[in-house]
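An overview of the molecular structure
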2 protein chains.
Amino acid sequence: MQEREIRAFVTIADARRMDRAAQQLGYSQPAISYQIKCLEKSLRTKLFERTPEGVRLTDSGRRMLPTAREMLALMERMKRISGVGGNTGVGGNTGIDGVASELDHLLSEGAGAPSSTPR
Amino acid sequence: MQEREIRAFVTIADARRMDRAAQQLGYSQPAISYQIKCLEKSLRTKLFERTPEGVRLTDSGRRMLPTAREMLALMERMKRISGVGGNTGVGGNTGIDGVASELDHLLSEGAGAPSSTPR
DNA sequence: AAACCTTACGGCTTACGTAAGGATA
DNA sequence: TATCCTTACGTAAGCCGTAAGGTTT
């Protein structure tokens, strides 16, 4: 279970289309398909039903979505605590700092998107 | 950020030794060292201080540990909902409730630990 | 044909185990 | 020397983009 898979899951669920989610995340569409396939394999459950208009959550997928969202929030919190969220951090990071902001699920970026962000 | 890295983090923190944690998780000891190194890199923070007797949590590591435990709990819940985590959960186990840390590094199997399956 | 997902394939990257190295006591 | 972590290195597996294939409308 990996961060990018969870993020793909939630993004697809919101967009109801893989190609759009792929675009949002900066991946090719087959890459997103692959990520979901991996997640479905590791959970041994089908998360989406594929339709010609996009995808639709299965019953299992619908049950897991809230947990997936919580997971994303926790990961963001962890990054925020560590100081990763939003700071480029050129060098000399001692790791001892007083980061204690308590924002919530803003700012998904940081180390997420891989490359080629056409905007 | 990957499941195995979080699991390694928590297990090491509990064992206070990498070699023991590696044993518990079914990895070689360098593999665990590598996993933590990856997590530290992705968080841009040192999580442990290495000592000849084992390891000791840094300040950052100590701050992140509770969140890491919650993350593990969420992953276990997700597996449980999907039917991977030992419980088949046919009935109405919807699992929609607040975050609750439960047990941590019990039951790594299912799709997690490589066990004694080298390449 | 258009829209959207999946499969196939080649290539770069990651992850692991074994072996060797380094540091502390 | 004993203990425990890290580095080096070779190999297997993973991940992604491009290209080609399905399926429904």
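Remember, it's a predicted structure, so these values are computed and weren't measured experimentally.

Observations regarding the pattern of salt bridges
Applying the stated criterion across every chain yields a total of 18 salt bridges over all chains. A:Glu49 is the partner of A:Arg56 in a salt bridge, and the nearest nitrogen-oxygen pair spans 3.6 Å. With a shortest N-O distance of 2.6 Å, B:Lys79 and B:Glu3 are connected by a salt bridge. Taken as a pair, B:Lys79 in helix 4 (residues 59-82) and B:Glu3 in helix 1 (residues 3-15) lie far apart in primary sequence, 76 residues in all.

Considerations on the protein's contact with DNA strand C
Taken together, 21 residues lie around DNA strand C, and A:Gln29, A:Ser33, A:Arg50, B:Ser28 and B:Tyr34 are the ones closest in. Sugar plus phosphate: this is where 80% of the atoms of DNA strand C within 4 Å of the protein reside. Between DNA strand C and A:Asp19, the relevant distance is 2.9 Å, taken from a phosphate oxygen to a main-chain nitrogen or oxygen of the residue. A:Pro52 is positioned such that a nitrogen or oxygen atom in its backbone is 3.4 Å from a sugar or linking oxygen of DNA strand C. Looking at the surface near DNA strand C residue by residue, the class counts come to nine nonpolar, six polar and six charged.

Considerations on the pairing of strand 1 (residues 48-51) of chain A
All names here are of chain A. Sheet topology note: the strand 1/strand 2 (residues 54-57) ladder contains four bridges and is antiparallel. Looking across to strand 2, one finds that Glu-49 is bridged to Arg-56. The loop that links strand 1 with its antiparallel partner strand 2 comprises two residues.

Here we look at the packing of helix 1 (residues 3-15) of chain A against helix 3 (residues 29-43) of chain A
Helix-helix packing: each pair is described by the crossing angle between the helix axes and the interaxial distance. Residue and element names in this part refer to chain A. At a closest axis distance of 9 Å, the pairing of helix 1 and helix 3 adopts a crossing angle of 110°. The angle between helix 1 and helix 3 falls in the class roughly perpendicular. Packed against helix 1, whose contacting residues are Arg-4, Glu-5, Ile-6, Ala-8, Phe-9 and Ile-12, the element helix 3 presents Ile-32, Gln-35, Ile-36, Cys-38 and Leu-39 at the interface. Taken together, the residues of the contact of helix 1 with helix 3 break down into eight nonpolar, one polar and two charged.

Details of the protein's contact with DNA strand D
A:Ser28, B:Met18, B:Gln29, B:Ser33 and B:Arg50 are the nearest of the 22 residues found near DNA strand D. Here, DNA strand D places atoms within 4 Å of the protein, and 78% of those atoms are sugar or phosphate. Taking B:Arg17, its side chain carries an N or O atom lying 3.1 Å from a phosphate oxygen of DNA strand D. When residues of the surface near DNA strand D are assigned to their parent elements, the largest contribution, five residues, is made by helix 3 of chain A. Its residues assigned to classes, the surface near DNA strand D comprises 10 nonpolar, six polar and six charged.

What to know about the interface of chain A and chain B
The interface of chain A with chain B comprises 28 residues on the first partner and 28 residues on the second. The junction of chain A with chain B conceals about 2,900 Å² of combined surface from both sides, 62% of it contributed by carbon and sulfur atoms. For chain A, the biggest contributors to the area lost against chain B are A:Met1, A:Leu74 and A:Met78; these three give 23% of the whole. Linking chain A with chain B are two salt bridges. Its salt-bridge partner being B:Glu70, residue A:Arg77 comes within 3.8 Å of it at the nearest N-O pair. Summed over the shared surface of chain A and chain B, the result is six residue pairs in polar contact (both at pLDDT 80 or more). Of all the secondary-structure elements, those providing two or more residues to the side of chain A that touches chain B are helix 1, helix 3 and helix 4 (59-82) of chain A. It is helix 4 of chain A that provides the largest number of residues to the side of chain A that touches chain B, a total of 13 residues.

A word on the UniProt feature "domain: HTH lysR-type" (unreviewed entry) in chain A
In the numbering used here, UniProt assigns the "domain: HTH lysR-type" (unreviewed entry) feature to residues 1-58 of chain A. Annotated as 62% helix and 14% strand, the span residues 1-58 of chain A places its first and last C-alpha atoms 19 Å apart.

Rules used throughout
- Residues numbered from 1 in each chain as written.
- Chains lettered and ligands numbered in written order.
- Predicted model: local features only at pLDDT ≥ 70, side-chain atom pairs only at ≥ 80, totals over all residues.
- Heavy atoms only, no water.
- Salt bridge = Lys/Arg side-chain N within 4 Å of Asp/Glu carboxyl O.
- Helix = DSSP H or I, 4+ residues; strand = E, 2+ residues; numbered from the N terminus.
- Near = heavy atom within 4 Å.
- Polar contact = N/O pair within 3.5 Å; in protein donor to acceptor, adjacent residues only side chain to side chain.
- Nonpolar A, V, L, I, M, F, W, Y, C, P; charged D, E, K, R; others polar.
- Pairing = 2+ DSSP bridges.
- Axes fitted to C-alpha atoms, helices over the stretch in contact; angles between N-to-C directions.
- Parallel < 35°, antiparallel > 145°, perpendicular 65-115°, else oblique.
- Contact = heavy atoms within 4.5 Å.
- Buried area = accessible area lost by both parts, 1.4 Å probe.
- UniProt positions renumbered as here; feature names shortened; annotations may be inferred.

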